[in-house]
Amino acid sequence: MSVGGLCQICEAKEGRFTCDNCGALVCADHYDESEGFCARCAGTIEEGGPGRTLE
Ligand SMILES: [Zn+2]
Ligand SMILES: [Zn+2]
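Residues numbered from 1 in each chain as written. Chains lettered and ligands numbered in written order. Predicted model: local features only at pLDDT ≥ 70, side-chain atom pairs only at ≥ 80, totals over all residues. Heavy atoms only, no water.

Named according to an unreviewed UniProt entry, the chain is HIT zinc finger originating from Halorarum salinum.

If you want it as structure tokens, here you go:
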């Protein structure tokens, strides 16, 4: 596979950014550039709502 890997949130797009808080590799859609956080840490994730676990 290629270097880097997939976004750890959607696992559908290429991870291009690293969260300053948790270190997760995330795609542009799941990275808050103003905060430097991934969507999970920035609280901007819109998948399933709060409390939903992956899988
Ligand atoms: Zn993503
Ligand atoms: Zn994070």
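There's plenty left to go through after this.
Glancing now at unusual backbone geometry. Glycine aside, a negative phi is what most residues show, and trans is what most peptide bonds show. Phi is positive for Glu11, which is not a glycine, with a value near 50°. Tracing the backbone shows Glu11 in the segment before strand 1 (17–18). Residue Glu11 is classed as exposed on the basis of its relative accessible area of 58%. (Helix = DSSP H or I, 4+ residues; strand = E, 2+ residues; numbered from the N terminus. Buried < 20%, exposed > 50% of the residue type's maximum accessible area, 1.4 Å probe, protein only.)

Put simply, a metal with four donors set out as a tetrahedron has ideal angles of 109.5 degrees, and one with six donors set out as an octahedron has ideal angles of 90 or 180 degrees. Distances from the zinc ion (ligand 2) to its protein donors, Cys19 (SG), Cys22 (SG), Cys38 (SG) and Cys41 (SG), fall at 2.2 to 2.4 Å. Geometry at the zinc ion (ligand 2) is tetrahedral, judged from its four donor atoms and the angles of 106 to 112° they form at the metal. Site description for the zinc ion (ligand 2): donor spacing in sequence, C-x2-C-x15-C-x2-C. With Cys22 in the loop between strand 1 and strand 2 (25–26) and Cys38 in strand 4 (residues 37–38), this pair connects stretches of sequence that are 16 residues apart. Residue Cys22 is classed as partly exposed on the basis of its relative accessible area of 45%. (Donors = N, O, S within 2.8 Å, 3.2 Å for Na, K, Ca; no water. Tetrahedral: all angles 85-135°; square planar, octahedral: opposite > 155°, others 65-115°.)

Donor atoms from the polypeptide that coordinate the zinc ion (ligand 1) comprise Cys7 (SG), Cys10 (SG), Cys27 (SG) and His30 (ND1), at 2.0 to 2.4 Å from the metal. In this structure, the zinc ion (ligand 1) is surrounded by four donor atoms whose angles at the metal cover 100 to 116°, and the resulting shape is tetrahedral. For the zinc ion (ligand 1), all donor residues lie on one chain, and their spacing in sequence is C-x2-C-x16-C-x2-H. Taken as a pair, Cys10 in the segment before strand 1 and His30 in the loop between strand 2 and strand 3 (31–32) lie far apart in primary sequence, 20 residues in all. For Cys10, a relative accessible area of 22% gives the class partly exposed.

The biggest cluster of nonpolar side chains holds nine residues, and these are Cys7, Ile9, Cys19, Ala24, Val26, Cys27, Tyr31, Cys38 and Ala39. When sequence neighbours within four positions are dropped, the list of residues in contact with Cys19 reads Ala24, Tyr31, Gly36, Phe37, Cys38 and Cys41. (Core = buried A, V, L, I, M, F, W, Y, C linked by side-chain atoms within 4.5 Å. Contact = heavy atoms within 4.5 Å.)

The final tally for this structure, using the stated rule, is one aromatic pair. Their ring planes at 5° and their centres at 4.6 Å tell us that Phe17 and Tyr31 sit as a pair that is stacked. Here the residue Phe17 occupies a position in strand 1, and Tyr31 occupies one in strand 3, the gap between them amounting to 14 residues. A relative accessible area of 25% means that Phe17 is categorised as partly exposed. Looking at Tyr31, the relative accessible area reads 19%, which means it is buried. (Phe/Tyr/Trp six-rings, centres within 6.5 Å; stacked < 30°, edge-to-face > 60°.)

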